[in-house]
Amino acid sequence: MAKQKTKIIKFIEEISSKNYARAHKYLKSVIEDKITKKIDTATEKPLF
Amino acid sequence: MKKSEALPEQAAEVLTEDSVKEIETALEEKINLSVEAALTHQDELYAEKLEELVSAIDKDHTSKLNRVVEAVDVNNANKLIKVVKRYEKELGSSANSFKNTLVESISDYLDEYLEESVPTEAIEEATKNRTVTEVLSNLRKVLAVDSTLMSESVKEAVLDGKTQIDQLASKVNELEKENSLLKEAYTKQKANLLLETKTANISGRKKEYLFKILQDKSPAFIEENFDYTVKLFDKKEKERLSVIKEEAFSKRKVKADAPVEKISEKKESESYNPYLAELKRSHK
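### Structural notes on the overall build of chain B
- Helices and strands together make up the secondary structure of chain B, namely nine helices and zero strands.
- Helices and strands in chain B line up, N terminus first, as α-α-α-α-α-α-α-α-α.
- For chain B, buried positions account for 2% of its 284 residues.
- A separation threshold of at least 6 residues defines the contact pool for chain B, and within that pool the share at least 24 residues apart is 50%.

### Section: the nonpolar core
- By size, the foremost hydrophobic cluster in this structure holds five residues: Ala191(B), Leu195(B), Leu210(B), Leu214(B) and Ile222(B).
- Counting residues per element, the ones that place at least two in this core are helix H5 (152–198) and helix H6 (205–214) of chain B.

### Things to note about helix H1 (residues 2–16) of chain A
- Between its terminal C-alpha atoms H1(A) stretches 21 Å, which fits the 21 Å expected from 15 residues at 1.5 Å a residue.
- If you check which residues of H1(A) are buried, you get Lys7(A), Ile8(A) and Phe11(A). The buried residues of H1(A) occupy one face: seen down the axis, they fall within an arc of 100 degrees. Looking at H1(A), the residues exposed on the side facing more than 90 degrees away from the buried face are Ala2(A) and Ser16(A).
- Buried residues along H1(A) sit in contact with helix H2 (20–44) of chain A together with helix H3 (17–117) of chain B.

### Topic: the interface of chain B and chain A
- Every contact between the two is made by 16 residues of chain B and, on the other side, 15 residues of chain A.
- Elements supplying a minimum of two residues to the side of chain B that touches chain A: H3 and helix H4 (120–143) of chain B.
- When residues of the side of chain B that touches chain A are assigned to their parent elements, the largest contribution, eight residues, is made by H4(B).
- Of the residues contributing to the side of chain B that touches chain A, the split by class is nine nonpolar, four polar and three charged.

### Topic: unusual backbone geometry
Residue and element names in this part refer to chain A.
- Positive phi outside glycine occurs at Lys 18, with the angle close to 60 degrees.
- Within the secondary structure, Lys 18 sits in the loop between H1 and H2.
- When the 7 C-beta atoms within 10 Å are taken as the criterion, Lys 18 is described as exposed.

### Notes on the environment of Phe221(B)
- The residue Phe221(B) is located in helix H7 (residues 219–251) in this model.
- Sequence-wise, Phe221(B) and Ala191(B) are 30 residues apart; in three dimensions their C-alpha atoms are separated by 9.0 Å.

### Structural notes on the confidence of the model for chain B
Residue and element names in this part refer to chain B.
- Here chain B shows a mean pLDDT of 84. Residues at 70 or above account for 85%.
- Per-element confidence in chain B is highest for H3, whose mean pLDDT is 93, and lowest for helix H8 (residues 260–270), whose mean pLDDT is 48.
- This stretch, residues 264–270, has a pLDDT under 50; its non-local contacts, to residues over four places away or in other chains, come to two contacts.
- Reported confidence for the predicted complex is 0.88 by ipTM and 0.37 by pTM.

### Here's the deal with the packing of H1(A) against H3(B)
- The contact between H1(A) and H3(B) brings their axes to 10 Å, and the two run at 105 degrees. Comparing their axes, H3(B) and H1(A) come out roughly perpendicular. Taking contact as the criterion, the partners of Gln4(A), Lys5(A), Ile8(A), Ile9(A) and Ile12(A) in H1(A) are, on H3(B), Leu102(B), Val103(B), Ile106(B) and Ser107(B).
- Taken together, the residues of the contact of H1(A) with H3(B) sort by class into six nonpolar, two polar and one charged.

### Concerning the packing of H1(A) against H2(A)
All names here are of chain A.
- Between H1 and H2, the least distance of the axes is 8 Å, while the angle of their chain directions is 155 degrees. As judged from the angle between their axes, H1 and H2 are roughly antiparallel. Between H1 and H2 lies a crossing of left-handed hand. Here H1 contributes Lys 3, Gln 4, Lys 7, Ile 8, Lys 10, Phe 11, Glu 14 and Ile 15 to the contact with H2, which in turn contributes Arg 22, Ala 23, Tyr 26, Leu 27, Ser 29, Val 30 and Asp 33.
- In terms of residue class, the contact of H1 with H2 is made up of seven nonpolar, two polar and six charged.

### With respect to H7(B)
Residues and elements named next belong to chain B.
- Helix length check: H7 (33 residues) gives 46 Å between terminal C-alpha atoms against 48 Å at 1.5 Å per residue, within 8%.
- For H7, the principal kink sits at Asn 225 and spans about 50 degrees.
- Of all 33 residues in H7, one are buried, a share of ten percent or less.

Definitions and cut-offs
Residues numbered from 1 in each chain as written. Chains lettered and ligands numbered in written order. Predicted model: local features only at pLDDT ≥ 70, side-chain atom pairs only at ≥ 80, totals over all residues. Helix = DSSP H or I, 4+ residues; strand = E, 2+ residues; numbered from the N terminus. Buried ≥ 20, exposed ≤ 12 C-beta atoms within 10 Å, placed from the backbone. Contact = placed C-beta atoms within 7 Å. Core = buried A, V, L, I, M, F, W, Y, C linked by C-beta atoms within 7 Å. Expected span 1.5 Å × (residues − 1). Arc of directions from axis to C-beta. Nonpolar A, V, L, I, M, F, W, Y, C, P; charged D, E, K, R; others polar. pLDDT = per-residue confidence, 0-100. Axes fitted to C-alpha atoms, helices over the stretch in contact; angles between N-to-C directions. Parallel < 35°, antiparallel > 145°, perpendicular 65-115°, else oblique. Left-handed = near helix turned anticlockwise from the far one by under 90°. Bend = angle between axes of the 7 residues up to and from the residue.

Shown next as structure tokens:
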């Protein structure tokens, strides 16, 4: 969660300094983290 | 007072009207000049004094103003420092809280967006499918189920076999239950028979005691412990009899005038024993 927060902060910083390529990189990373977390949660559920 | 009256009488007789006028004019001019000179002198003096006064007032005012300016400056500077500090503090804390709020808002928004575009159910289903596929492939490996076994005809045979196995398993369970019940009944009967056989020649309290102790036991237990139980009963019985004997001795009363010989004769003839009588009574 802290990692995601840091990435969002960096995303805002890059947006503020109009460095959109880097901002895109950080946003992509945050979304990937969120989806990975969701998948991990779903995988941990028992099948039966 | 008239000008002509100011002149002495001799002078008035000597001087003409014109001369008096000229003298008068000259005198007036002189007076005017003297007055002007005096006024000028006075002006100069006053001007000097005024300059001195103004410079003194200026100095005083300047020093006072300087002090006032200094005091105002110090006061304003302190206030400004306070304002700057407060502003920095407020800016720092509010900026921090705003930053946190903004980050959380963006995170929540991204969560919502992801939930809409990729629902959790879909992810769970996908992971389930993947897990199921993995489990199935592992099961195929373990059970050696290949494409041949997956054809319809073989599948039916496998299903039929499974049904038969299930039925047989339930039958086996029933038979096991019956078997255990029968075994139990048989063991009980066998134990009873064994006990009956062993106690056929025994009667009375001994038989009752043996039945009481060994009735619910297994035949093997009865075989092992029968003799020991009999011995135990005999020992207990012996102890009981000895106790009764002692009690009888302690309670016995002999009459003082009873003929001693008669008693001895009776003893010899009937051989009466009170302990034996008591024993008999207890056996009954």
